[in-house]
Amino acid sequence: MEALTRPLAQLGRSAVAALAGMGYAAMLLVDALRLALFGWRVGQPLRLRAVFEQMRQFGVDALPIVCLLAFTVGIMLGIQFVAALSEFGAQSQVVIAVAKSVTREFGALITAILVAGRSGSALAARIGSMTVSQEVDALAVIGIDPVRYLVAPALIAMLVMLPLLTVLADAVAIFGAALYSAPSLNLTPTAYMLQTLSLLTPGDVGQGIAKSAVFALLITLIGVSTGFSVTGGAEGVGRATTRAVVVSICWIIVADMIFSFFLNR
């Protein structure tokens, strides 16, 4: 009997822990938004300097790798669509296929996964180190709300920079596809880009931006909640950093699937 009940007990504990983690992340979100908007009323104003610093770290510093990866993905999509659609004599549809797939799907998804690995892990490591060294407790003791000081700037910065990075990744990926696909379609890269602009709708770009905003919330909340829950010293910080990246990517893919289902019905 014990052999049967032990797995069920473990499953129940895991489910309760997952729900508790989701509740804790939701609480951090509410507190961060409340303090960002109304913290000045209670002597806890949002530090704009910290927001700009986080924006630089999350967005500006990530520009080279985001552009490089988006350019590579664009070329890859061009190769795949030219090869696949040429089998059906539909090469003329390469432009719209690349444009729709990049703006609706790949731009936001690839950018979010990259930022989760780069910035989500950094958030978890930073806050985890502060938690282990009791710096978070020290902030509370001297009257500084840790959520206002650590979470709110990161959340605002991520909500601003990830959609901007997504739009940039869309443009770079389409440009990469144009460089490869245009000769096969007897077009110049300029004509390819102009045709892409004529075929895209605001809803296509808006779908990717909406996804990126949700991804920004997921990356930030998972990173900070994982950091605040670190135990076990330096080894715990390492585990939390790995967990933040893995969980963020899993939730990004699940959220992307849900978005794709409802927005493309």
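Scoring rules and cut-offs
- Residues numbered from 1 in each chain as written.
- Predicted model: local features only at pLDDT ≥ 70, side-chain atom pairs only at ≥ 80, totals over all residues.
- Heavy atoms only, no water.
- Helix = DSSP H or I, 4+ residues; strand = E, 2+ residues; numbered from the N terminus.
- Contact = heavy atoms within 4.5 Å.
- Areas by Shrake-Rupley, 256 points an atom, 1.4 Å probe, with all protein chains shown as cover.
- Polar contact = N/O pair within 3.5 Å; in protein donor to acceptor, adjacent residues only side chain to side chain.
- Axes fitted to C-alpha atoms, helices over the stretch in contact; angles between N-to-C directions.
- Left-handed = near helix turned anticlockwise from the far one by under 90°.
- Nonpolar A, V, L, I, M, F, W, Y, C, P; charged D, E, K, R; others polar.
- 1 Å grid on protein atoms, 1.4 Å probe; cavity = no way out; pocket = protein on both sides within 12 Å on 5 of 7 lines; lining within 4 Å.
- Points joined across faces, edges and corners; volume = space filled by probe spheres on them.
- Phe/Tyr/Trp six-rings, centres within 6.5 Å; stacked < 30°, edge-to-face > 60°.
- Buried < 20%, exposed > 50% of the residue type's maximum accessible area, 1.4 Å probe, protein only.
- Expected span 1.5 Å × (residues − 1).
- Salt bridge = Lys/Arg side-chain N within 4 Å of Asp/Glu carboxyl O.

Engineer: So what exactly am I meant to see when it comes to the overall build of the protein here?
Structural biologist: When helices and strands are tallied, the protein shows nine helices and zero strands. Each of the three principal axes of the protein carries a C-alpha extent, and together these read 65 × 60 × 35 Å. Sequence-distant contacts in the protein: of pairs separated by 6 or more residues, those separated by 24 or more amount to 83%. Only carbon and sulfur atoms are counted for the fraction: they give 71% of the accessible area of the protein, which is about 13,500 Å².

Engineer: What should I look at first to understand the side chain of E105 in this one?
Structural biologist: Checked against the element boundaries, E105 lands in helix α4 (residues 94-132). Only 3.1 Å separates the side chain of E105 from the side chain of S260, close enough to count as a polar contact. Not counting the four nearest positions on each side in its chain, E105 is found in contact with K100, K211, D256 and S260.

Engineer: I would appreciate a short explanation of the packing of helix α2 (residues 48-60) against helix α6 (residues 146-184) in the present structure.
Structural biologist: Helix-helix packing is characterised by the crossing angle of the two axes and by the distance between the axes. Contact geometry for α2 and α6: axes closest at 8 Å, N-to-C directions at 40°. In the packing of α2 onto α6, the handedness of the crossing is right-handed. Contacts between α2 and α6 pair A50, V51, Q54, M55, F58, G59 and V60 from the former with P153, A154, I156, A157, M158, V160, M161 and L165 from the latter. Grouping the amino acids of the contact of α2 with α6 by side-chain chemistry returns 13 nonpolar, two polar and no charged.

Engineer: Would you mind showing me how to read the layout of surface pockets here?
Structural biologist: Over the atoms rolls a probe the size of a water molecule, and its path tells where empty space is left. What the largest pocket holds in volume is close to 530 Å³. Along the wall of the largest pocket there are 17 residues; nearest its centre are G21, M22, A25, I222 and S225. Considering each element in turn, the lining of the largest pocket owes the most residues, seven residues, to helix α8 (residues 202-228). Classifying every residue of the lining of the largest pocket by side-chain character gives twelve nonpolar, four polar and one charged.

Engineer: I keep staring at the environment of S260 and nothing clicks. Help me out?
Structural biologist: For S260, the location among the structural elements is in helix α9 (residues 233-263). Linking S260 and K211, residues 49 residues apart in sequence, is a C-alpha distance of 9.4 Å.

Engineer: Any chance you could explain the packing of aromatic side chains here in plain terms?
Structural biologist: Given two aromatic rings, their pairing is described by the distance between the two centres and the angle made by the two planes. Following the criterion strictly, the structure yields two aromatic pairs and no others. Measuring from ring centre to ring centre gives 6.4 Å for F71 and F175, while their planes differ by 40°; the resulting arrangement is tilted. In this pair, F71 sits in helix α3 (residues 63-86) while F175 sits in helix α6, placing the two residues 104 residues apart along the sequence. F175 sits in the partly exposed class, given a relative accessible area of 39%. Taking the centre distance of 5.1 Å and the plane angle of 85° together, the rings of F261 and F262 count as edge-to-face.

Engineer: How do you make sense of the side chain of T111 when you look at a structure like this?
Structural biologist: If you trace the backbone, T111 turns up in helix α4. Not counting chain neighbours up to four residues away, the residues in contact with T111 comprise V66, F106, L162, L165, T166 and A169.

Engineer: Would you take a moment to explain α3 for this structure?
Structural biologist: Every α-helix carries 3.6 residues per turn, so stepping three or four residues along brings you back to the same face. Helix length check: α3, at 24 residues, gives a terminal C-alpha distance of 34 Å against a target of 34 Å (1.5 Å per residue), a fit within 8%. Residues of α3 that are buried in the fold lie against α4 and α6.

Engineer: How do you make sense of the pattern of salt bridges when you look at a structure like this?
Structural biologist: Between side chains of opposite charge, pairing is possible as soon as their charged atoms come close. In total, this model carries eight salt bridges according to the counting rule given. Linking E105 and K211 is a salt bridge whose minimum nitrogen-to-oxygen distance equals 3.0 Å. A residue pair is termed long-range when its members are at least 10 positions apart, and E105 in helix α4 and K211 in helix α8 qualify at 106 residues. Each member of the pair, E105 together with K211, is buried. In this structure, D256 engages K211 in a salt bridge whose closest nitrogen and oxygen atoms are separated by 3.0 Å. Of this pair, D256 sits in helix α9 while K211 sits in helix α8, and the two are 45 residues apart along the sequence. We classify D256 as buried; its relative accessible area is 6%.

Coordinates in, geometry out; function isn't part of it.
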